[in-house]
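# Tertiary structure, described
Letter by letter, the chains look like this.
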Number of protein chains: 2
Amino acid sequence: MLDIKNSINSSAERISSHINKTPVLTSELINKIVPAKLYFKCENFQKMGAFKMRGATNAILQLSNEQKQKGIITHSSGNFAQAIALAAKSLNIKAYLVMPNNASEVKKRAVRNYGGEIIECIPTLEGRESTTKKILEEKGVTFIHSYNDINVIMGNATAGKELIEECPNLDCIIVPVGGGGLISGVALSASVFGNNCSVIGAEPHNVDDAYRSLLKGKIVPNKPTADTIADGLKTILCEVTFNIISKYVDEIIRVTEREIINAMQLIWERMKIIIEPSSAVTLAAVLKSKQKFENKKVGLLLSGGNVDLSHLPFTK
Amino acid sequence: MLDIKNSINSSAERISSHINKTPVLTSELINKIVPAKLYFKCENFQKMGAFKMRGATNAILQLSNEQKQKGIITHSSGNFAQAIALAAKSLNIKAYLVMPNNASEVKKRAVRNYGGEIIECIPTLEGRESTTKKILEEKGVTFIHSYNDINVIMGNATAGKELIEECPNLDCIIVPVGGGGLISGVALSASVFGNNCSVIGAEPHNVDDAYRSLLKGKIVPNKPTADTIADGLKTILCEVTFNIISKYVDEIIRVTEREIINAMQLIWERMKIIIEPSSAVTLAAVLKSKQKFENKKVGLLLSGGNVDLSHLPFTK
């Protein structure tokens with residue numbers, strides 16, 4: 001039986017010198033709109049610009065010396081590839097990143113800047129898996145999954161721990177749901193550090209596998225063609241995250257693409273911080289369900305701030 | 001004879017409950033690029049999104065009761081109109097804002113949201129002044145200039161005081177130069193609170209009246225058609241600011257439009273904060289003159305973060 005509290009505390013200690021303790025910001029104006037007291041945990045200010053740095057670092061630091069020597073591999077089209085590349089670089093470990101050949105130049109450049117070696121694959125699940133398998137066999141490296149890994153989840157949990165330590169009386173925390181790695185970690189943290197603090201997921205309608213999976217009691221994937229501007233949330237739950245979410249998460253609130261963009265614009269304009277669309281689903285969920293949050297103390301997990309500035313969704 | 005130290009301290013006390021004490025941020029990556037230790041004073045996180053809130057509040061709070069009752073007026077196409085509108089609103093004072101009829105909808109909407117009454121004028125110096133004069137005569141209100149006013153300058157000076165108090169051993173502070181109200185205040189603060197801390201102006205080449213005025217020893221305006229993406233810096237020095245800058249500012253560094261955009265993009269991408277082009281001239285100046293700043297402790301005054309998100313300059 002896993003000792004959750006001890007495991008999160010150990011993870012926090014393990015990664016503390018490798019990550020930023022990110023600030024918690026507030027906005028008087030947005031508080032008035034709800035009205036409520038909102039506390040934004042700013043993982044957009046995390047190293048490489050997203051919470052993924054926490055889980056990646058926590059997983060790598062627990063490898064054996066032999067594993068560290070041989071190197072690591074993951075597949076990701078986005079932030080996790082950057083996190084693994086940067087964490088590996090700062091720990092002097094070789095990292096291979098399997099990325100779809102249609103991944104944006106911005107993302108590939110970031111991974112290369114962090115010293116990661118990119119191996120391109122065709123942009124399908126099969127392409128990704130067969131390419132990864134090939135490298136695994138050739139190089140004897142260790143595979144680290146971006147969320148189907150309890151060490152990654154425990155690393156992510158440290159963001160929730162920090163938020164609760166800074167704001168001990170939160171009524172609830174809203175967390176974006178993609179593969180479920182962040183919300184699983186935060187929900188575990190809330191269960192052991194929170195003072196009766198519930199955890200609510202925020203998910204785009206377009207890729208609402210978590211919402212539907214909780215209803216059905218089993219993982220129900222999205223259609224392969226499903227798309228959302230919150231591109232970090234297109235991944236689907238795995239067994240580990242589905243089980244944690246089923247037990248520890250109260251509810252999933254779904255939001256539309258327009259609601260995501262409006263919430264993102266509100267945060268950019270009023271808080272003057274850059275967040276990615278995946279972060280904005282949290283505020284979108286609060287604004288959509290104002291009554292539920294009225295006069296509550298609400299934590300919002302802003303997962304990251306990596307956006308392509310030449311492709312922004314704002315219009316007049 | 002003005003007691004500078006006393007005057008800035010009084011201003012800081014006077015406005016303290018009406019403004020945000022803004023954070024000072026750093027970026028490991030940008031430090032490595034120079035290399036130097038850069039300390040960014042984030043007035044983009046100030047109320048209404050710019051340092052102007054400091055000067056506007058300081059000036060309004062020193063009006064007589066009769067003046068407060070009758071109301072105030074200013075002309076501005078940008079941040080100062082918003083600052084006066086918001087400061088006046090929170091002090092329950094009527095504010096009239098003379099704005100050019102071609103001012104952007106975003107800016108006019110912001111002023112209206114803060115409760116200011118906009119009076120449109122034709123977009124020339126004469127149009128602005130005659131419209132202002134008419135209201136002054138009709139309503140008996142008090143005119144507050146956005147920088148040709150020592151109370152405004154002393155309010156702005158509090159940003160420099162806060163920065164120096166947080167980073168006591170700065171070698172220098174870089175400040176954007178438009179009308180000179182901010183750099184005048186910061187230079188006065190550096191002269192009394194700094195530990196041998198010099199102040200350097202950063203100015204767009206396209207509107208380099210401060211650079212040329214210091215060379216000539218008198219105010220030399222820009223051509224009426226001169227334009228820059230740093231639209232907050234199109235204003236020209238006045239006697240008050242020219243005299244302070246002549247005495248207290250060491251140097252003006254000029255930067256091109258491309259250098260401003262590149263510096264702005266670097267701050268957005270790496271620091272995940274939204275700054276306006278007028279703020280980016282500071283980092284552009286450092287990046288242009290790396291040798292001068294090598295291994296120094298350098299403060300950068302980020303003046304504000306009000307940008308129109310539907311018109312951004314970033315390309316691939």
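For the structure, see preceding data.
No experiment lies behind these values; they were computed from the predicted model shown. (Residues numbered from 1 in each chain as written. Chains lettered and ligands numbered in written order. Predicted model: local features only at pLDDT ≥ 70, side-chain atom pairs only at ≥ 80, totals over all residues. Heavy atoms only, no water.)

## As for the interface of chain B and chain A
Contacts between the two partners involve 25 residues from chain B, matched on the other side by 25 residues from chain A. Together chain B and chain A conceal approximately 1,900 Å² of surface at their shared face, both sides included; 61% is due to carbon and sulfur atoms. On the surface where chain B and chain A come into contact, there are 0 salt bridges. Where chain B touches chain A, the interface holds 6 residue pairs in polar contact (both at pLDDT 80 or more). Looking at the side of chain B that touches chain A residue by residue, the classes come out as 9 nonpolar, 9 polar and 7 charged. (Contact = heavy atoms within 4.5 Å. Buried area = accessible area lost by both parts, 1.4 Å probe. Salt bridge = Lys/Arg side-chain N within 4 Å of Asp/Glu carboxyl O. Polar contact = N/O pair within 3.5 Å; in protein donor to acceptor, adjacent residues only side chain to side chain. Nonpolar A, V, L, I, M, F, W, Y, C, P; charged D, E, K, R; others polar.)

## Section: the relation of the copies chain B and chain A
In the superposition of chain B on chain A (RMSD 0.0 Å, axial shift 0.0 Å), the rotation amounts to 180 degrees. The transformation relating the two chain copies, once decomposed into turn and shift, fits a two-fold axis. In terms of proximity to the rotation axis, the leading residue of chain B is Ile273(B), whose C-alpha is 2.2 Å off the axis. Comparing interface residues between copies, 100% of those in chain B also sit at the interface in chain A, which points to an isologous, same-surface contact. (Least-squares fit on C-alpha atoms with pLDDT ≥ 70 in both.)

## Section: the packing of aromatic side chains
Going through the model one piece at a time under the given rule, you end up with 3 aromatic pairs over all chains. For the pair Trp268(A) and Phe314(A), a centre-to-centre distance of 5.0 Å together with 65 degrees between the ring planes defines the contact as edge-to-face. Within this pair, whereas Trp268(A) is found in helix 12 (residues 257-271), its partner Phe314(A) is found in the segment after strand 10 (297-302), the two being separated by 46 residues in sequence. Arranged with centres 5.9 Å apart and planes meeting at 70 degrees, the rings of Trp268(A) and Trp268(B) form a pair that is edge-to-face. Taken together, the residues span two chains, with Trp268(A) in helix 12 and Trp268(B) in helix 12 (residues 257-271). Residue Trp268(A) is classed as buried on the basis of its relative accessible area of 0%. Sitting over the ring of Tyr96(A), Lys94(A) keeps its end group 5.2 Å from the ring centre. Directly above the aromatic system of Tyr211(B) lies the positively charged group of Arg254(B), at a separation of 3.6 Å from the ring centroid. (Phe/Tyr/Trp six-rings, centres within 6.5 Å; stacked < 30°, edge-to-face > 60°. Helix = DSSP H or I, 4+ residues; strand = E, 2+ residues; numbered from the N terminus. Buried < 20%, exposed > 50% of the residue type's maximum accessible area, 1.4 Å probe, protein only. Lys NZ or Arg CZ within 6 Å of the ring centre and 35° of its normal.)

## What to know about the nonpolar core
Formed by 76 residues in total, the largest nonpolar core has its most connected members in Trp268(A) and Trp268(B). If sequence neighbours within four positions are ignored, Trp268(A) has contacts with Ile273(A), Ile274(A), Ile275(A), Val307(A), Leu309(A), Leu312(A), Phe314(A), Trp268(B), Ile274(B) and Leu309(B). (Core = buried A, V, L, I, M, F, W, Y, C linked by side-chain atoms within 4.5 Å.)

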